[in-house]
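Chain by chain, the residues run as shown.
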Amino acid sequence: MIRVVLPPHLRNLAGIAGEVRLDVAGTATQRSVLDALELRYPMLLGTIRDRYSGKRRAYVRFFACAEDLSNSAPDEPLPEPVAAGSEPYLVVGAMAGG
Amino acid sequence: MSRVRLLVGTRKGAFTLTSDGKRRDWQVSGPHFGGWEIYHVNGSPAEPDRLYASVSSGWFGQVIQRSDDGGASWTPVGNDFAYTGEVGEHLWYDGTPRPWEFKRIWHLEPSRTDPDTVYAGGEDAALYVSSDGGQKWQELTALRQHESGPRWQPGAGGMCLHTILLDPVDPDRIFVAISAAGAFRTDDGGNTWQPINRGLRSGGIPDEEAEVGHCVHRLAMHPSRPEVLFMQKHWDVMRSDDAGGSWREISGNLPTDFGFPIAVHAHEADTVYVIPITSDSEHYVPDGRLRVYRSRTGGDEWEPLTTGLPQANCYVNVLRDAMAVDTLDDCGVYFGTTGGQVYGSADGGETWMPIVRDLPTVLSVEAQVLP
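For chain B, the name recorded in an unreviewed UniProt entry is BNR/Asp-box repeat-containing protein, with Mangrovihabitans endophyticus as its organism.

Chain A is annotated in an unreviewed UniProt entry as MoaD/ThiS family protein of Mangrovihabitans endophyticus.

Written out as structure tokens, the structure is:
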């Protein structure tokens, strides 16, 4: 079970209260987690990453275990505490503006 | 008694303003989608409680929200705005070719007859249509693939398709305007398009009378006379009496002919409203005075309307989609400012009152009359 924390605007868009808990088959990667997230909440398609290329939107960041995974390969395994559900996978709206 | 509902899009959310037919006391609801940019909210003429909202964010991209109950509740619908077929290239600011890249939807125009059919104007310029209430969007590709497309260039606000006029008589005729390509018309439901910019003169482009490249800010028509079009261009207020086949300038005695919105009175096809601003680099009203200008002669002769509007120390702008009229017997006129005020007139512009004063920057205003 993977725990995903979304930024408030995306929680509002998808009608989510609190964390999302996802079951991901096989090795948990950023791609497989986001695939599962978008499958459950199709209104999130295109809001985190390009729906066709999978490229992360410019002002979205992915954090976990105090690490910035934003530029990690999408098929790399997620850190063990995330895969085990003890730490959440964070989708973050980047600090932008003044 | 009929009611009036204004649909207001702002930089940080959507608002609905409602009143009875007297239009003196207003209730403000919102923000809906707080924190998101709402370029446009528009209602179906066929089913006024069916609303569509363009909701976008620099972080999270484009979302379309739909309401079936007049804005009390909303549901996200489709947001897959793809360019169909070969994407192609247009000119970038520096004159180099650049592939079309979708950024946002500027304008939503529901069908006059079918609440499930709605058109959407995008940046980079493209026209989309949905026939299932916004779930799926299909590009009408012939516009973007017009032979002049590779010469289109963005205006300062981006290369946006911001105006869509559906002909009330001929369902196959659509007018659109793109900054800074110009105005275009289809007579066959979007299969082919022609530029309709003859008569426009734009000092900021190398060939002042080029077929494309004009920064058209807004088009307006009266539904009883769809062959007559009014245009607020970057500079110049223009009129066409032949569905865009040719244009003539009607700026007349306006204090400046730079501006963004233009609207036509609901019952008087030759009564036109504009809100001039100082210049292309001074996007605020002249002399610190907020004045709506009205022509009752279809242009050329304009009178300032000032009663109830600030006449000192006012330096707001009114954006292209931020003026609307209602269809009550005494035509209501409304506009929203970059300073967050929404003003309304219940008497065709003779007198004005602020409906709400402190919203975020207003991007769009639409008016609905409800039974």
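Here we come to the interface of chain A and chain B. Facing 13 residues of chain A, the contacting portion of chain B comprises 11 residues. Counting residues per element, the side of chain A that touches chain B draws most heavily on helix α1 (residues 8-14) of chain A, which supplies three residues. Class assignment of the residues belonging to the side of chain A that touches chain B gives a composition of seven nonpolar, four polar and two charged.

Residues and elements named next belong to chain B. Cis geometry is adopted by the peptide bond preceding D124, which originates at E123 and carries an omega value of -5°. Assignment of secondary structure puts D124 in the loop between β11 (118-123) and β12 (126-130). The peptide bond linking S179 to A180 adopts the cis configuration, its omega dihedral lying at 0°. Here A180 lies in the loop between β15 (174-179) and β16 (182-186).

Let us look at the environment of W59(B). Tracing the sequence through the fold places W59(B) in the loop between β5 (51-57) and β6 (61-67). Residue W59(B) is classed as buried on the basis of its C-beta count, with 21 C-beta atoms lying within 10 Å. For W59(B) and P168(B), which are 109 residues apart along the polypeptide, the C-alpha to C-alpha distance reads 38 Å. Setting aside its immediate chain neighbours within four residues, W59(B) contacts R57(A), Y59(A), V60(A), G93(A) and A94(A).

This brings us to the sheet that holds strand β21 (residues 248-249) of chain B. Residue and element names in this part refer to chain B. Ordered in space as β18-β19-β20-β21, the four strands form an open sheet in which the pairing is antiparallel. A single partner strand is all that each edge strand has here, and the edge strands are β18 (216-221) and β21. Sheet topology places β18 next to strand β19 (residues 229-233); five bridges connect them, and they run antiparallel. Bridge pairing links R218 to Q232 in β19.

It is worth spelling out helix α2 (residues 30-40) of chain A at this point. Residue and element names in this part refer to chain A. Of the residues making up α2, those classed as buried are Q30, V33, L34 and L37. Angularly, the buried residues of α2 cover 95° about the axis, an arc narrow enough to put them on a single face. The secondary structure elements touched by the buried residues of α2 are β1 (2-5), β2 (20-22), β3 (60-64) and β5 (89-93).

A word on the pairing of β11(B). All names here are of chain B. When you tally the buried positions in β11, you get six out of six residues, the bulk of the element. Burial of β11 is two-sided: the residues V118, A120 and G122 facing one way and the residues Y119, G121 and E123 facing the other way are all buried. In terms of strand pairing, strand β10 (residues 104-110) meets β11 through six bridges, oriented antiparallel. For E109, the partnering residue across the bridge sits in β11 and is Y119. For β11 and β12, the ladder comprises five bridges, and the chain directions are antiparallel. From the neighbouring strand, G121 faces β12, where its bridge partner is L127.

Criteria and cut-off values
Residues numbered from 1 in each chain as written. Chains lettered and ligands numbered in written order. Predicted model: local features only at pLDDT ≥ 70, side-chain atom pairs only at ≥ 80, totals over all residues. Contact = placed C-beta atoms within 7 Å. Helix = DSSP H or I, 4+ residues; strand = E, 2+ residues; numbered from the N terminus. Nonpolar A, V, L, I, M, F, W, Y, C, P; charged D, E, K, R; others polar. Buried ≥ 20, exposed ≤ 12 C-beta atoms within 10 Å, placed from the backbone. Pairing = 2+ DSSP bridges. Arc of directions from axis to C-beta.

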